[in-house]
Amino acid sequence: MLAGAGTGKTRVITYRIAHLIVDKNVSAGNILAVTFTNKAAGEMKNRLQERIGNLANGVWMGTFHSICLGILRNEAEYAGLAKSFSIVDQEDRLSIIRQIVKSLNIDPKQFSPKSYLHAISSYKNTDNYVENEPIEETFHLLKTVYETYQRELELQRLVDFDDMISLCVRLFKKYPDILKKYQELYKYILVDEYQDTNAVQFMFLYMLAGEDGNLCVVGDDDQSIYGWRGAEVRNILEFDKVFKNVKEIKLEGNYRSGKSILSIANRLIENNTYRRGKTLEASADKESEVRKFDFYNDLEEASFAADTIKEQAKKGINYSDMAILYRTNAQSLNFERALKMAGIPYKVIGNIGFFQRKEIKDILSYLKFSDNTKDEQSFFRSISTPKRGIGNSTCDKIISYAEENNITILETLENDLKFLSKNRAAVDRFYALIKEVQLCESIKGKIEIVLETIKYKEYLQSLGEEPDAIDRKMENIDELISDAVRFEEQNGASLTDFLASAALVSSNDEDGLEGAVKLMTMHAAKGLEFKLVFLTGLEEGLFPLGNEEGEANIEEERRLCYVGVTRAMETLFITRARSRLRGGRHNQAPESRFLGELQHGAAFKFKKGSTNNTFTNRSGNYADYIKNTSNSEKKEYNNDNMAAFPASTKVYHTVFGEGVVLFSEGSGKDEKVTVHFKKAGVKKIIAGFLEKA
């Protein structure tokens, strides 16, 4: 199904599953529903339960990773894994890589551990990895780092995220009987957000479904915006070339946005050539407004957003119904400052996820080590939090002894080793704590034992943290305990499964914050909707973000803009700044090509930026700076109807070549035009030396 923005994709999948079970008498256990986030899977499960009750519990539903994790647990022996393998999360993966980089005497400033992790992650999502082809040595000692990393995972009985799907595909290729077993189990497969699948995910589905299988995929090629992390838009565009007897259904009725918003969204995306094609239509006769604002600089842009949000709030729109979208995270600073000074509550979406917070990782390290006593990262973290007088060198000796004697780290601590004599009492207390955690049957009880024994709140106080910060961290730990209780009630008290579920939680699944304006990149906005949206920074070089990678890159940038536009339900304000501070320098750029593609037709209204802003009537140096750098300079510039060369006019200069006009000053023979030249950059030229291109 080709399902456009706001057309009810999740509802369609939910209703299809209900139809299969209720009307077609298909066993719920033969249905597999695949999503990309735990949040989406939870929403789908809830909707299905509302529709068919307890019958929904039999459906296999989850993310690619959680489903593959279940298969690997069942088939660990055939997959070449230890039965009790653990999942290593992103931070611990990086920690392993850091240790390897250090051991190989690689300069981390020249070749960062993150660059190795990124390269390994990318490789593991390719057919080459599935087929055990060697990794390409694209930079210094990558092959050596990779091979050492893999040995460490095997030694510590760990599996990383990128292994899960690839190892399943390997398993299916090596053991056709196992593949057949799961093909017979998953007779009906449904996939949400199919346009975001990568090569390995496609391979997994292709093998599981087969060419003739009952596979229903729902996605939107016009919202494929994750090419930079491996998503293959061709998976949806060329679906009918791979599978047989394909039936294509288009969902074009949009339940979210008004007609004027959908009108410009359709107009924009029509400029892409690599798409199947569909036209969104408003399912309800909603009133909507689209306006463009052109500002002198990025501070005006932010000021305008704050002023407008304040005005709209007075008219009755909740702060939580408004969002500011931008192309890069760096753009948030001006908006944060403007909103804060205006007294407007806001939330920056996309910050650190719950299970990546320090206090949560501290407590979970004890549980992870008790569950897998070969896990070096969890051992290091738990024995060092709080400090016990056991340094890194002692920990290294403990681990080396365990490896040399082929025993676990915990078993090593039982031994009367000379290098532990000075720390014997501390080691014994740590050992006793881990054993007590292991003996406790309840996950909630395990957490409480750790908290009580290590006196975690006192530990935070000893670090000199502010009381409010300590309270927030302890509230997070309370939520961890609640999560453990919920898990036990629904799934039993398996610590291994609880830790796996925690590791699988996507960092993109946001808790949100009611009563606050949302600030986020357009990537983070996908799947969300707001009554009022500010689509900001529409300038060449910023959005689209560069054009060095050719038309394919521009098409993905255009899809990203389409996603931004279709987040708006009632009002869309599109802004650009003629001057923007980037990298400590004031840069000037012509307006984005997307503005030209959006603004055809009567639906698009124009309004010039105002120099009145949130800060000019407030005291302080910052207000004076805004006034001096914005109001006084702005008066010199012409309106477009007064200029010989209006803004955005394409011009030619005999020395500098082709360029685009940013703005002009003065009149007649004294008119000076500021031009962004393709090769020479920004220059100020007397109008008489220019000609229209």
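Residues numbered from 1 in each chain as written. Predicted model: local features only at pLDDT ≥ 70, side-chain atom pairs only at ≥ 80, totals over all residues. Heavy atoms only, no water.

Caption draft 1: Broad picture of the overall build of the protein. Assigned secondary structure in the protein consists of 29 helices and 23 strands. The buried share of the protein, reckoned over its 693 residues, is 53%. For the protein, long-range pairs separated by at least 24 residues make up 74% of all intrachain contacts whose partners lie at least 6 apart in sequence. Of the roughly 32400 Å² that the protein leaves accessible, carbon and sulfur atoms contribute 47%. (Helix = DSSP H or I, 4+ residues; strand = E, 2+ residues; numbered from the N terminus. Buried < 20%, exposed > 50% of the residue type's maximum accessible area, 1.4 Å probe, protein only. Contact = heavy atoms within 4.5 Å. Areas by Shrake-Rupley, 256 points an atom, 1.4 Å probe, with all protein chains shown as cover.)

Caption draft 2: Here's a closer look at the packing of helix α21 (residues 424-439) against helix α22 (residues 443-454). Following both chains from N to C, one finds α21 and α22 inclined at 155 degrees, their axes separated by 9 Å at the closest point. Accordingly, the angle class assigned to the pair α21 and α22 is roughly antiparallel. Here the hand of the crossing between α21 and α22 comes out right-handed. Across the interface between the two elements, Leu433, Glu436, Val437 and Gln438 from α21 touch Lys446, Ile449, Val450, Thr453 and Ile454 from α22. (Axes fitted to C-alpha atoms, helices over the stretch in contact; angles between N-to-C directions. Parallel < 35°, antiparallel > 145°, perpendicular 65-115°, else oblique. Left-handed = near helix turned anticlockwise from the far one by under 90°.)

Caption draft 3: Focus on the UniProt feature "binding site: ATP" (unreviewed entry) in the protein. When the UniProt feature table is mapped onto this chain, "binding site: ATP" (unreviewed entry) is found at Ala3, Gly4, Ala5, Gly6, Thr7, Gly8, Lys9 and Thr10. Mapped onto the elements, Gly8 comes out in the loop between β1 (2-3) and α1 (9-23). Here Lys9 lies in helix α1. Leave out the neighbours within four places in its chain, and Lys9 touches Ala3, Gly4, Asp192, Glu193, Val218 and Gln223. (UniProt positions renumbered as here; feature names shortened; annotations may be inferred.)

Caption draft 4: Structural context of the environment of Leu179. With respect to the helices and strands, the residue Leu179 is situated in helix α10 (residues 176-185). By relative accessible area, Leu179 is classed as buried at 12%. For the pair Leu179 and Met207, spaced 28 residues apart in the sequence, the C-alpha separation amounts to 7.7 Å. Contact partners of Leu179, with chain neighbours within four places excluded, come to Phe172, Met207 and Leu208.

Caption draft 5: Representation of the pattern of salt bridges in the model. Counted by the stated rule, this structure contains 36 salt bridges. The salt bridge involving Arg381 is made with Glu91; its shortest N-O contact spans 3.2 Å. On the criterion of sequence distance, the pair formed by Arg381 in helix α18 (residues 376-383) and Glu91 in helix α5 (residues 90-103) is long-range, its members being 290 residues apart. The exposure class assigned to Glu91 is partly exposed, which follows from its relative accessible area of 31%. With a closest N to O distance of 3.4 Å, Arg578 and Asp294 form a salt bridge. Of this pair, Arg578 sits in strand β16 (residues 568-582) while Asp294 sits in strand β11 (residues 289-297), and the two are 284 residues apart along the sequence. (Salt bridge = Lys/Arg side-chain N within 4 Å of Asp/Glu carboxyl O.)

Caption draft 6: Summary view of the packing of aromatic side chains. Enumeration over the complete set of coordinates arrives at 32 aromatic pairs. Here Phe293 and Phe295 contribute two aromatic rings whose centre-to-centre distance is 6.2 Å and whose plane-to-plane angle is 10 degrees, an arrangement assigned as stacked. Across the pair, Phe295 and Phe293 agree in class, each one buried. Taken together, a centroid distance of 5.3 Å and an interplanar angle of 75 degrees make the contact between Phe293 and Phe573 edge-to-face. Within this pair, whereas Phe293 is found in strand β11, its partner Phe573 is found in strand β16, the two being separated by 280 residues in sequence. Each of the two residues, Phe293 as well as Phe573, counts as buried. (Phe/Tyr/Trp six-rings, centres within 6.5 Å; stacked < 30°, edge-to-face > 60°.)

Caption draft 7: Seen up close, α10. Buried within α10 we find Ile178, Leu179 and Tyr182. Down the axis of α10, the sector holding all buried residues measures 100 degrees, keeping them to one side. Exposed residues on α10 whose side chains face more than 90 degrees from its buried face are Pro176 and Asp177. On its buried face, α10 is in contact with α3 (64-74), α4 (76-79), α9 (161-174) and α11 (199-209). (Arc of directions from axis to C-beta.)

Caption draft 8: Here's a closer look at the side chain of Thr571. In this structure, Thr571 sits in strand β16. Using a relative accessible area of 15% as the deciding quantity, one classes Thr571 as buried.

Caption draft 9: Here's a closer look at the sheet that holds strand β6 (residues 188-191). Spatial ordering of the open sheet is given by β3-β2-β6-β7, a layout of four strands whose pairing is parallel. The open sheet terminates on both sides in strands that have one partner only, identified here as β3 (60-63) and β7 (214-217). Mean inter-strand twist for the sheet, computed between neighbouring axes without regard to direction, equals 15 degrees. Note that strand β2 (residues 31-35) and β6 share four bridges and pair parallel. Across the sheet, residue Ala33 finds its bridge partner in β6, namely Leu190. Packed on one face of the sheet, α3 meets β2, β3 and β6 and runs near 120 degrees to β3. Packed on one face of the sheet, α11 meets β2, β6 and β7 and runs near 160 degrees to β6. (Pairing = 2+ DSSP bridges.)

Caption draft 10: Quick look at the pairing of strand β20 (residues 657-665). With seven of its nine residues buried, β20 lies for the most part within the structure. Two strands pair when backbone bridges link them, and strand β19 (residues 650-653) and β20 are joined in this way by four bridges, in the antiparallel orientation. Paired with His653 across the two strands is Gly657, which belongs to β20. Once β20 ends, the chain turns through six residues before running back antiparallel as strand β21 (residues 672-677), passing Gly666 with a positive phi of about 75 degrees.

Caption draft 11: Broad picture of the confidence of the model for the protein. Summing up the model confidence of the protein, the mean pLDDT is 85 and the portion of residues at 70 or higher is 89%. A low-confidence stretch, residues 506-512 (pLDDT under 50), is modelled with 13 contacts involving residues beyond four sequence positions or located in other chains. Under a pLDDT of 50 for its full length, residues 606-636 has, in the predicted model, 61 contacts with residues more than four places off or in other chains. (pLDDT = per-residue confidence, 0-100.)

Caption draft 12: Local environment of unusual backbone geometry. Between Thr385 and the following residue, Pro386, the backbone shows a cis peptide bond with an omega angle of 0 degrees. Put simply, Phe543 and Pro544 share a cis peptide bond, and its omega is 10 degrees. Positionally, Pro544 belongs in the loop between β15 (530-535) and α27 (551-565). Here Arg157, not a glycine, exhibits a phi torsion of approximately 55 degrees, which is positive. Mapped onto the fold, Arg157 is located in the loop between α8 (142-155) and β5 (158-160). Judged by relative accessible area, Arg157 falls into the partly exposed class, the value being 31%. At Asn406, a position not held by glycine, the phi torsion is positive, near 55 degrees. By the element assignment, Asn406 lies in the loop between α19 (392-404) and α20 (409-414). Classification of Asn406 by relative accessible area gives exposed; the value is 63%.

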